[in-house]
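The chain contents come next:
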Amino acid sequence: MRILISVLIGLLALTACSGDDEETTTLPEDGSATATTLAIGGDGSGADDDDTSESTEAEGSTTTTVEGPMLPAYDIAHRSPGDNGDLLVVVLEDVDDGITDHDLEQVILDVVDTFGPVAEAHVIDDVSVLDLVLADPADLSDEQKADLEAHYLLRLVDGTSVSFQGPFEDVPGYEIGS
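Report on the accompanying structure.

**Details of the overall build of the chain**
And step 1. Looking only at helices and strands, one finds 4 helices and 9 strands in the chain.
And step 2. Taken from the N to the C terminus, the helices and strands of the chain come in the order α-β-β-β-β-β-α-β-α-α-β-β-β.
And step 3. Across the 178 residues that make up the chain, the buried fraction comes to 26%.
And step 4. For the chain, long-range pairs separated by at least 24 residues make up 49% of all intrachain contacts whose partners lie at least 6 apart in sequence.
And step 5. For the chain, the exposed surface amounts to about 11800 Å²; the carbon and sulfur share of it is 51%.

What follows is the structure, given as structure tokens:
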């Protein structure tokens, strides 16, 4: 019993003396982020000081909502195993509002983290070019090549080398992890 009381007193003293603000972050599925900060007065009592600059309904607490970047929705339309990892074709969903190179970077990082090991991945914005991505480029007609170029956005090879394609071909590629 004495040990339990000693531990509880020690934890309470540590919490009261830390002086640091406590922050909690919750990320709902819609991509927004809510951060709540509980401000504790300088004497550890939780009472308002001159140092507390913001307060809302509850004394000493502040709630802030910040819109965070949303990962574009995607589907894995094709997956085949390989010796060094899988080959994936990723189809972005509902990109009518536009897509940026940063969005593509976030998608490929998520794909590698979620579906790894990934040796090769192709990101497209229209499932109708799925077969064209997987076909030998020498077998494609000029019309098929043009259609593929319009919808082919990013390629990952050797599991780490990213190159932008089609509408993003002017964006420099990079190595994941460097």
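On we go from here.
**With respect to the pairing of strand β5 (residues 86-92)**
And step 1. Of all 7 residues making up β5, 7 are buried, and the element is well covered by its neighbours.
And step 2. Burial along β5 is two-sided: the face carrying D86, L88, V90 and L92 and the face carrying L87, V89 and V91 are both buried.
And step 3. Bridge count between strand β4 (residues 74-80) and β5: 6 bridges; the pairing is antiparallel. Of the residues in β5, the one forming a bridge with D75 is V91.
And step 4. Hairpin connection of β4 to β5: 5 residues between the antiparallel strands, including G85 at a positive phi of 140°.

**Notes on the side chain of Q165**
And step 1. If you trace the backbone, Q165 turns up in the loop between β8 (161-164) and β9 (174-175).
And step 2. Within polar-contact distance, the side chain of Q165 engages the side chain of S163 at 3.0 Å.
And step 3. Residues within four places of Q165 in sequence aside, it is in contact with Y152, L153, L154 and R155.

**Remarks on the sheet that holds strand β7 (residues 152-157)**
Strands pair in a sheet through their backbones, by hydrogen bonds, and they do so in one of two ways: parallel or antiparallel.
And step 1. Spatial ordering of the open sheet is given by β4-β5-β6-β7-β8-β9, a layout of 6 strands whose pairing is mixed. At either end of the open sheet lies a strand with only one pairing partner, and these are β4 and β9.
And step 2. Note that β8 and β9 share 2 bridges and pair antiparallel. Counted as the bridge partner of S161 is E175 from β9.
And step 3. Those strands touched by helix α2 (residues 101-115) are β4, β5, β6 (118-124), β7, β8 and β9, and its axis lies near 50° from that of β4.
And step 4. Where helix α4 (residues 142-151) meets the sheet, its contacts fall on β6 and β7, and the angle it forms with β7 comes to roughly 80°.

**Here's the deal with the packing of aromatic side chains**
And step 1. Within this structure, the stated rule accounts for 1 aromatic pair.
And step 2. Taken together, a centroid distance of 6.4 Å and an interplanar angle of 45° make the contact between F164 and Y174 tilted. Taken together, the positions of F164 in strand β8 and Y174 in strand β9 put the pair 10 residues apart, joining distant regions of the chain.

The rules behind the values
Residues numbered from 1 in each chain as written. Predicted model: local features only at pLDDT ≥ 70, side-chain atom pairs only at ≥ 80, totals over all residues. Heavy atoms only, no water. Helix = DSSP H or I, 4+ residues; strand = E, 2+ residues; numbered from the N terminus. Buried < 20%, exposed > 50% of the residue type's maximum accessible area, 1.4 Å probe, protein only. Contact = heavy atoms within 4.5 Å. Areas by Shrake-Rupley, 256 points an atom, 1.4 Å probe, with all protein chains shown as cover. Pairing = 2+ DSSP bridges. Polar contact = N/O pair within 3.5 Å; in protein donor to acceptor, adjacent residues only side chain to side chain. Axes fitted to C-alpha atoms, helices over the stretch in contact; angles between N-to-C directions. Phe/Tyr/Trp six-rings, centres within 6.5 Å; stacked < 30°, edge-to-face > 60°.

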